[in-house]
Amino acid sequence: MGRYILKRLWRALITLIVISMLIFVIARVTGDPIAYLAPEDASEQELAQVRARLGLDKPIYVQYAFYVGDALRGDFGNSLRYNRPAFEMVLQRLPATIQLSLIAFIVSTILGIMMGVLAALRRDTWIDGALRLLAVLGQSAPSFWIGILAIMIFGVHLQWLPTSGRMGPEYLILPSLTLALFSMASVMRLTRSAMLETQTQEYVKFLRAKGVPESQIIFKHMLRNALVPVLAVLGIQLSHLVGGTVIIEIVFNWPGVGRLMVEALLNSDLPLIQAGVMLIAISVVLVNLLVDLSYGLVDPRIRIE
Amino acid sequence: MNGAIAPTRERASPGRPSRKGKWRSLPWLAIIMLAPVIIFGICGPLLYLHDPTTIDLLNPQKPPAWLEGGSAAFPLGTDQFGRDLLSRLIEGARVSLIIALGGVMVAALIGIVAGMASGYFGGLVDSLISQAVDVKMSLPAILLIILIGAAIGGGMTTVLASIVLLFWADYARVIRAETLSLRERGYVQLAKVANASHIRILTRHILPNLFGTCIVLVTLQVGRAILIEASISFIGLGIQPPATAWGLMVYEGRAYLATAWWLPTFSGLAITMTVLGTNLFGDWLRDALDTRQSSL
Amino acid sequence: MTDTNAQPVIRVEDLYVSLRRRRDGATIRAVNGVNFSVGRGRTLGIVGESGCGKSTAAMALVRLLPKSAEVRGAIHFDGRDLATESQGALRRIRGRKIAMIFQDPMVALDPLFTVGDQLAEPLREHLDLDGEALHARQVELLQAVGISSPETRLKQYPHQMSGGMLQRIVGAIAIACNPELLIADEPTTALDPTAQAGYLELLERLSETYGLALIVVTHDMGVVSRICHDVMVMYAGQTVEYGPVRAIFDQPRHPYTQALLASIPHAVEPGACLPTIEGQPPDLAALPPGCPFAARCPKVVDRCRTEAPPPVEFAGGQRALCWRADER
């Protein structure tokens, strides 16, 4: 287990380093930061002073070190448009994004597993066919289109649910379900095939020969084994979800980090983009790490080497 | 205890239809879904009823022909500027297909080379490439898209760059695994013994065996690429007006969903049908070619 | 018929099993009229090449078959007819009175649960054991199959154990509820020769110690000669030859049995080619009229192709299903 944890920690660290480098490089290619910071009529000498003060006259790796140091202290500079600390602005929006993706994550995982098990147990019946069709549809339809259809049907036409903003819990229903759809389809397909795979395992035959009740075979043994590969991709599913949040936030006018970033993008508000990308990357990496570690709890082959 | 019965050879595994039978059962549903898209994509301009960019302010927001107020001149209705929706969808098909195919091809090229190098040579090359694949896998696609957008702004290049950057790793991962197992095959070992050059072994002995896997992966990726293109266009980083693509059309139609529901509905339907078609076709191809990679 | 005990543990009469083939929905006649019985402490080998219906016949005894399977005939066991019992009743017999073990002990256990947990399942299910009594029985069982430090072993997972250890654990699970009959389906196929020998020894010992009736399904004549008292040779779902192992090895009456015995390596001159049986077994969905072995039989006569041969009985309880079984 120790080695396993170390490996995962290493990967998380590498991922964060790579993304921070990407952000740093992009911040440098998109223009001389001096252009934003110094008055336009500044002389060469004044510019050099500003450069020296900001450390921009140092070699690039020293600049990167400074940059990382600032980032670690949560200093990404001020938003160019709002002139407020970018990090703070992103942090303010983070709870809304976390709320949305977490609910979608839970919904898609639980429903996806349940539907996958059902489809596998009812293999080749109409239930299986309908669920599989739903899954392949869920993986083919763009989420923003599903969201727009949902708004048209449940918001405009039936007027059952609110479709814009974040006021009460009912505001969560449409966005989180729309967001969950793609992941749910993936989890379902994977669970189904994993369940069918376990059905052919020797130990299942042996359990039947032992006279263990079928319900116990399915829910204690087969399901738990089928969950091992499912759990392995939950981290990736979460990445999909966070990515999907950006789009869903736009469709449903949800005040989260995603919408903030897309707005920042259209305004070329670089500090805001940097802070947003970094914070989202950190959250995703952390949750991925958690998922990887919980994997060890389910599978003793990883826990006990 | 070697008295095993040797007499008969094991029969072809039961329950698996013969290869011939599989080819006979073509995925008609997928073909029906994809055929119009491919036809429109290839001979789009010949099929326009109207020029897709011509503004016709006399006929704004006309509903589809079968609804009250619709006219046969605009089968799927018009948008807020009176542009014919069907013609715009056909134009969008061309743009979406070109971008998706182009992006996936470039990604495949990079990914296949990286994957083969990684699997064949191992060592430092392998750990660097694998590390890169790992990092890509654990980052949400949208972050890469946003970073690219921040660096070069919106447009066709952004979409292509995003697709390449997002998809090469899938090829690298799968091809690496296949190469690893191919490397141990007898004929590759023989070629090594015969002092064949690395390039020769890779191109003559390994690459041809990756063909099935690549074809399946490309098919499945084209569907995903169309989705990515649509998403990028939807957040405003993709194709810029007056040019058009399906994702952009959904985005533009969103503002009119209370008054002109057909605008976002049909453009989204076009995306869904195309992606569904490629997904079904790819699934079928995977089974038909008997690709062992279940991770595709 | 060859049983020395008056009352056999299990007696099977005219067993027929048909299955539906998934590919084309055709009906497979997997087992066609099989008769046998096994007494206490006796071992019956069911032998034949893959697809001959031997495993299906064995699994039919406890009706562990695909849903599409149809079973006809009588399976007398413990005063009832298992062919007519409900699945619920059969479940209470499986693992309790009839135990089964399969090919590879390395994959017979769920990798995610401890050995103790999996040993406890039949004990809880069938004997209602719990707490102290359960634990005591677990320890007792592991000791019975020769596992040292059972307390630690119970808490371990399958991947922490060696193949030999897992064999014994599987044996312990099989005998957990003191069954009367143990069915071993291809118990040695997946094992290397050393492990095979160990496994067979274990089975033999369990059968002797607990007076189990043992049915061993195998394609390996070596296994049969090693531990079986009686043997049933199956071909295309039929019993082509049945009788005491000694008698059949001395004087096989059916051409198929003769061919099987001839293909055992040590029966051949060093350096000579192993004789093989030409051709393929018939499609069980479309059995030919007459003898199913006719197409491959070296002694075939015209009659074999049109008329099904009757069973011919010999002294000592040997019988064969062949028109020319009497000939020497």
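To keep things clear, this report deals only with the structure shown in the data block. Keep in mind the model is a prediction, meaning the values are calculated, not measured.

About the cut-offs
Residues numbered from 1 in each chain as written. Chains lettered and ligands numbered in written order. Predicted model: local features only at pLDDT ≥ 70, side-chain atom pairs only at ≥ 80, totals over all residues. Heavy atoms only, no water. Helix = DSSP H or I, 4+ residues; strand = E, 2+ residues; numbered from the N terminus. Rg over C-alpha atoms; globule rule 2.2 N^0.38 Å. Buried < 20%, exposed > 50% of the residue type's maximum accessible area, 1.4 Å probe, protein only. Contact = heavy atoms within 4.5 Å. Areas by Shrake-Rupley, 256 points an atom, 1.4 Å probe, with all protein chains shown as cover. Lys, Arg positive; Asp, Glu negative; His and termini not counted. Charge placed at Lys NZ, Arg CZ, Asp CG, Glu CD. Pairing = 2+ DSSP bridges. Phe/Tyr/Trp six-rings, centres within 6.5 Å; stacked < 30°, edge-to-face > 60°. Lys NZ or Arg CZ within 6 Å of the ring centre and 35° of its normal. Patch = residues over 30% accessible without salt bridge, like charges linked within 9 Å, V, L, I, M, F, W, Y side chains within 5 Å. Salt bridge = Lys/Arg side-chain N within 4 Å of Asp/Glu carboxyl O. Axes fitted to C-alpha atoms, helices over the stretch in contact; angles between N-to-C directions. Parallel < 35°, antiparallel > 145°, perpendicular 65-115°, else oblique. Left-handed = near helix turned anticlockwise from the far one by under 90°. Nonpolar A, V, L, I, M, F, W, Y, C, P; charged D, E, K, R; others polar. Buried area = accessible area lost by both parts, 1.4 Å probe. Polar contact = N/O pair within 3.5 Å; in protein donor to acceptor, adjacent residues only side chain to side chain. Expected span 1.5 Å × (residues − 1). Arc of directions from axis to C-beta. Disulfide = S-S within 2.5 Å.

Quick notes on the overall build of chain A
On a plain count of helices and strands, chain A comes out with 13 helices and 0 strands. Taken from N to C terminus, the helices and strands of chain A fall in the order α-α-α-α-α-α-α-α-α-α-α-α-α. Computed over C-alpha atoms, the radius of gyration of chain A comes to 24 Å, more than 25% over the 19 Å expected from 2.2 N^0.38 for 305 residues, which places it beyond the range of a compact globule. By its C-alpha atoms, chain A is 85 × 55 × 30 Å across when sized along the principal axes. By the burial criterion, 50% of the 305 residues in chain A qualify as buried. For chain A, contacts bridging at least 24 residues in sequence account for 74% of all contacts bridging at least 6.

Overview of the overall build of chain C
Across its full length, chain C holds 11 helices and 12 strands. Relative to a compact globule of 328 residues, whose C-alpha radius of gyration would be 20 Å, chain C shows 21 Å and is just as compact. By residue count, 57% of the 328 residues in chain C fall in the buried class. Looking at chain C alone, contacts between residues at least 24 apart form 65% of all its contacts between residues at least 6 apart. About 13,700 Å² of surface is accessible on chain C, with carbon and sulfur atoms providing 49% of the total. Charge-centre separation for chain C: the mean point of 34 positive side chains lies 3 Å from the mean point of 38 negative side chains.

Examining the pairing of strand 3 (residues 43-47) of chain C
Residues and elements named next belong to chain C. A large share of strand 3 lies buried, amounting to 5 of its 5 residues. Residues of strand 3 alternate between two faces, with Thr43, Gly45 and Val47 on one and Leu44 and Ile46 on the opposite face, all of them buried. Sheet analysis places strand 3 next to strand 8 (residues 213-218), joined by 5 bridges and oriented parallel. Bridge assignment links Gly45 to a residue of strand 8, and that residue is Val216. Bridge count for strand 3 against strand 9 (residues 230-235) is 4 bridges, and the pairing is parallel.

Some words on the packing of aromatic side chains
All told, the structure shown has 8 aromatic pairs over all chains when counted by the stated rule. Centroid distance Phe144 of chain A to Phe234 of chain B: 4.3 Å. Interplanar angle 10 degrees. Geometry classified as stacked. With Phe144 of chain A in helix 7 (residues 143-157) and Phe234 of chain B in helix 9 (residues 211-234), the pair connects residues from two separate chains. As far as the burial class goes, Phe144 of chain A and Phe234 of chain B line up, both buried. Centroid distance Phe281 of chain B to Trp284 of chain B: 5.6 Å. Interplanar angle 40 degrees. Geometry classified as tilted. Here Phe281 of chain B pairs with Trp284 of chain B, and both are found in helix 11 (residues 262-289), just 3 residues apart, close to one helical turn. Owing to a relative accessible area of 25%, Phe281 of chain B belongs among the partly exposed residues under this scheme. Members of the aromatic cluster, connected to one another through ring pairs, are Phe144 of chain A together with Phe234 and Tyr251 of chain B. Over the aromatic face of Phe314 of chain C sits the side chain of Arg253 of chain C, whose NZ or CZ is 3.9 Å from the ring centroid.

Quick word on a nonpolar patch on the surface
Taken together, Ile98, Leu102, Ile106, Ile110, Leu111 and Met114 of chain A make up a surface patch of nonpolar side chains, about 530 Å² in accessible area. The topology assignment puts Ile106 of chain A in helix 5 (residues 86-121).

Examining the packing of helix 3 (residues 85-121) of chain B against helix 9 of chain B
Residue and element names in this part refer to chain B. Put simply, helix 3 and helix 9 touch, their axes get as near as 8 Å, and they point 130 degrees apart. Classified by the angle between their axes, helix 3 and helix 9 sit oblique to one another. Where helix 3 crosses over helix 9, the two elements pack in a sense that is right-handed. For the pair helix 3 and helix 9, the contacting residues are Ser96, Leu97, Ile99, Ala100, Leu101, Val104, Met105, Ala108 and Ile112 in the first and Cys214, Val218, Gln221, Val222, Ala225, Ile226 and Glu229 in the second. Partitioned by chemical class, the residues of the contact of helix 3 with helix 9 number 13 nonpolar, 2 polar and 1 charged.

Some details on the environment of Gly48 of chain C
Residues and elements named next belong to chain C. Along the chain, Gly48 turns up in the loop between strand 3 and helix 1 (54-61). Given a relative accessible area of 0%, Gly48 falls into the buried group. Gly48 sits 173 residues away from Met221 along the chain, and the two C-alpha atoms are 8.9 Å apart.

Remarks on the packing of helix 5 of chain A against helix 12 (residues 270-298) of chain A
Residue and element names in this part refer to chain A. It is the contact of helix 5 with helix 12, at a shortest axis distance of 8 Å, that shows an interaxial angle of 50 degrees. By the angle class used here, helix 5 and helix 12 are oblique. Where helix 5 crosses over helix 12, the handedness of that crossing is right-handed. Where helix 5 approaches helix 12, its residues Ala86, Phe87, Met89, Val90, Leu91 and Leu94 are matched on the opposing element by Pro271, Leu272, Ala275, Gly276 and Leu279. Grouping the amino acids of the contact of helix 5 with helix 12 by side-chain chemistry returns 10 nonpolar, 1 polar and no charged.

Looking at the interface of chain B and chain A
Contacts between the two partners involve 40 residues from chain B and, on the opposite side, 43 residues from chain A. For the chain B face of the interface with chain A, the top three residues by lost area are Ile146, Leu147 and Leu257 of chain B, together amounting to 16%. Counting across the interface, chain B meets chain A through 2 salt bridges. In this structure, Asp283 of chain B and Arg189 of chain A form a salt bridge, with 3.0 Å as the shortest nitrogen-oxygen distance.

Some points on the sheet that holds strand 4 (residues 70-77) of chain C
Residues and elements named next belong to chain C. Overall, antiparallel pairing links the 4 strands, which are arranged 2-1-4-5 in an open sheet. In the strand order of this sheet, the two ends are held by strand 2 (27-38) and strand 5 (80-81), each with one partner. Looking at chain direction, strand 1 (residues 10-20) and strand 4 are connected through 7 bridges and run antiparallel. Opposite Glu13, over in strand 4, you have Ala74 as the bridge partner. The strands that helix 1 touches are strand 1, strand 2 and strand 4; relative to strand 1, the one it contacts most, it runs at about 115 degrees.

Quick word on unusual backbone geometry
All names here are of chain C. For Asp14, which is not a glycine, the phi torsion comes out positive at approximately 50 degrees. When its relative accessible area of 44% is taken as the criterion, Asp14 is described as partly exposed. Positioned with a positive phi, Ala236 is a non-glycine residue whose angle comes to about 50 degrees. When you line up the elements, Ala236 lands in the loop between strand 9 and strand 10 (238-244).

Here we look at the side chain of Gln167 of chain C
All names here are of chain C. Of note, Gln167 is situated in helix 6 (residues 163-174). With relative accessibility at 7%, the residue Gln167 sits in the buried group. Not counting residues within four places of it along the chain, the set of residues in contact with Gln167 comprises Pro105, Leu191, Ala195, Gly198, Tyr199 and Leu202.

A closer look at the side chain of Ser176 of chain A
All names here are of chain A. Note on placement: Ser176 falls in helix 8 (residues 170-199). Residue classification places Ser176 among the buried residues on the basis of a relative accessible area of 5%. A polar contact of 3.2 Å, which involves the side chain of Ser176, links it to the backbone oxygen of Ile173. If near-sequence neighbours (up to four positions away) are discounted, Ser176 is found in contact with Leu100, Ile103 and Ala104.

Quick notes on helix 4 (residues 60-72) of chain A
Counting along an α-helix, one turn takes 3.6 residues, and residues three or four places apart therefore face a common direction. Residues and elements named next belong to chain A. Over its 13 residues, helix 4 extends 18 Å from the first C-alpha to the last, a length consistent with the 18 Å expected when each residue adds 1.5 Å. Listed as buried for helix 4 are Gln63, Tyr64 and Tyr67. For helix 4, the buried positions fall inside an angular range of 100 degrees around the axis, keeping them on one side. Away from the buried face of helix 4 by more than 90 degrees, exposed residues Tyr61 and Leu72 are located. A positive backbone phi angle near 80 degrees is found at Gly74, which sits one or two residues after helix 4.

Focus on the state of the cysteines
This model, assessed by the stated rule, comprises 0 disulfides over all chains. Free of any disulfide, Cys322 of chain C has its nearest cysteine sulfur in Cys297 of chain C, 6.0 Å distant.

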